[in-house]
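Each chain, letter by letter, is given below.
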Amino acid sequence: MLNEFLKTKSFLIFLHDPHGRINLYEVGSKWWSSNNIQKIVCTTNSQGVHVSITADLHIRLEDHLLSWELFCFNVGEIVHSSSGFQHKAIDVVQKCSGHLLAVVLMARALKKAFDVSIWEHASYILSLPHRAQIKDRVLCNAVAFILGRLVSGLADECVKYCAFYMERKGMNKVDLVMNWMRHALINTFDEGEKIVEDLVSAFLLESFQNGNFVLMRDEIREVLVNPQFLFKGGKGLTKAPKDEAWEEAFEIHLMWNNKFSMLPKSPKCPQLCTLFLQNNPFLRVIPLSFFQHIPMLQVLDLSHTKIRSLPHSLYQLAQLQKLFLRGYKLFMELPLEVGKLHNLKVLDLEGTEIISLPVDVGS
């Protein structure tokens, strides 16, 4: 019945995220009629799926101008203020790999970022790989960058409250602010309204019904509720998170203007593969045994801190592939033990006084 019905009709069918190999010529082969306009469009967020689909035309969003136009619309005039910003913007859009939600999130986060180094950091965060089992690397990186850019530390807790407790259909804005107050996340209603405004502006929340209601997209919620990621960048923390906060994490963000000067003595992090500690101007000491129980660490960024020496436990990181020590003004030379990091592929020393490396580095 269906075959006969469709054969006499013009139609447009959308298939989203199909599993397995599909030959679109064979799908509905009994429907086709040259007398009608009949199309099947297959869409996917997964890289590589298009390879297993036989189709007349493949359109990859990362090669499409839509991403650039969407970015420019959301980021505003700053992208046209200088060629420097424009080049950085192109790099950010390319790193989003056609992920339109990530494009919007990054554009909103960079709208008032007049420091070129922030744009460089955005590109760096977007390009990071993930060992954790999460299907959307680009979106996860974008959310991590945004949480580090939120001005208010309270906003971080409020947005996570939304991820865990807000119904998918959304919530009245007044009720949401009152809930934040009841849970002691904020002190005043005006403070809550400002946070809602900031989260909507960042596109972490979306408003509807004349701005009286807000909701969170499922894709963003999925990233925020994932216990494998600890986002505490740019929060002005006076103390580093306690040991137990590190245990389940695959990735920890503690970068950008926190105020702690010490780290836990020896956190147990059996799964941790990425640790960002850069741009913390008060961080001066890493405990000697800090890295002793972090066997899977692959990416470590200690750039632009006041650390004077690297602990010996760092040289036991057999899986370490990328080590960033940018802006280490107090370092004149690297210890010979760095040569023990046999899997090290990237050693970034930009902005340091180091002019030579131990013989074993790179061998």
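Residues numbered from 1 in each chain as written. Predicted model: local features only at pLDDT ≥ 70, side-chain atom pairs only at ≥ 80, totals over all residues. Heavy atoms only, no water.

Sorry, what's going on with unusual backbone geometry here?
The phi angle of most residues is negative, glycine excepted, and most peptide bonds adopt the trans form. Even without being a glycine, Gln 209 presents a positive backbone phi close to 55°. Considering the arrangement of structural elements, one finds Gln 209 in the loop between strand S6 (206-208) and strand S7 (213-215). Of note, Asn 279 is a non-glycine position whose phi angle comes to about 60°, a positive value. With respect to the secondary-structure elements, Asn 279 resides in the loop between strand S10 (274-276) and strand S11 (299-301). (Helix = DSSP H or I, 4+ residues; strand = E, 2+ residues; numbered from the N terminus.)

Where do I start with the pattern of salt bridges in this structure?
Side chains carrying opposite charge are able to pair once their charged atoms draw close together. Tallied over the entire structure, the rule returns seven salt bridges. Among the salt bridges present, the one from Glu 167 reaches Lys 169, with a minimum N-O distance of 3.6 Å. Its relative accessible area of 63% is what places Lys 169 among the exposed residues. A salt bridge links Asp 218 to Arg 168, with the nearest nitrogen and oxygen atoms 3.0 Å apart. With Asp 218 in helix H10 (residues 218-224) and Arg 168 in the loop between helix H7 (153-165) and strand S5 (171-172), the pair connects residues that are 50 residues apart, well separated along the chain. When its relative accessible area of 57% is taken as the criterion, Arg 168 is described as exposed. (Salt bridge = Lys/Arg side-chain N within 4 Å of Asp/Glu carboxyl O. Buried < 20%, exposed > 50% of the residue type's maximum accessible area, 1.4 Å probe, protein only.)

Help me understand the sheet that holds S6 in this model?
The strands that make up a sheet pair up through hydrogen bonds in the backbone, lying either parallel or antiparallel. Sheet architecture is open: three strands sit in the order S5-S7-S6, paired in antiparallel fashion. Two strands in the sheet have a free side with no partner beyond their single neighbour: S5 and S6. Here two bridges tie S5 to S7, and the two strands are oriented antiparallel to one another. Bridging from a neighbouring strand, Met 171 pairs with Val 214 of S7. (Pairing = 2+ DSSP bridges.)

What is the right way to read the packing of aromatic side chains from this model?
Here the distance between the centres and the angle between the planes together describe a pair of aromatic rings. Applying the stated rule across the entire model yields ten aromatic pairs. The interplanar angle of 80° and the centroid separation of 6.0 Å between the aromatic rings of Tyr 124 and Phe 276 together place this pair among those described as edge-to-face. Here Phe 276 lies in strand S10 and Tyr 124 lies in helix H5 (residues 116-126), a separation of 152 residues in the sequence. Summarising the aromatic geometry, the rings of Tyr 124 and Phe 324 are spaced 5.1 Å apart at their centres and angled 65° between planes, so their arrangement reads as edge-to-face. Pair noted here: Tyr 124 is in helix H5 and Phe 324 is in strand S12 (residues 322-324), with a separation of 200 residues, a long-range link. Comparing Tyr 124 with Phe 324, the two get one shared label, buried. Through a chain of ring-to-ring contacts, three or more aromatic side chains come together here, namely Trp 68, Phe 71, Phe 85 and Trp 119. (Phe/Tyr/Trp six-rings, centres within 6.5 Å; stacked < 30°, edge-to-face > 60°.)

Explanation requested: the sheet that holds strand S9 (residues 251-253) in the structure shown.
Taking strand neighbours across the sheet as the criterion, the six strands line up as S8-S9-S10-S11-S12-S13 in an open arrangement whose pairing is parallel. Bordering the open sheet on either side are strand S8 (229-231) and strand S13 (346-348), each of which pairs with just one other strand. Here the strands of the sheet are splayed against their neighbours by 5° on average, with no regard to which way each runs. Pairing analysis gives three bridges linking S9 to S10, with the strands arranged parallel. What sits directly across from Glu 251, in S10, is Thr 274. (Axes fitted to C-alpha atoms, helices over the stretch in contact; angles between N-to-C directions.)

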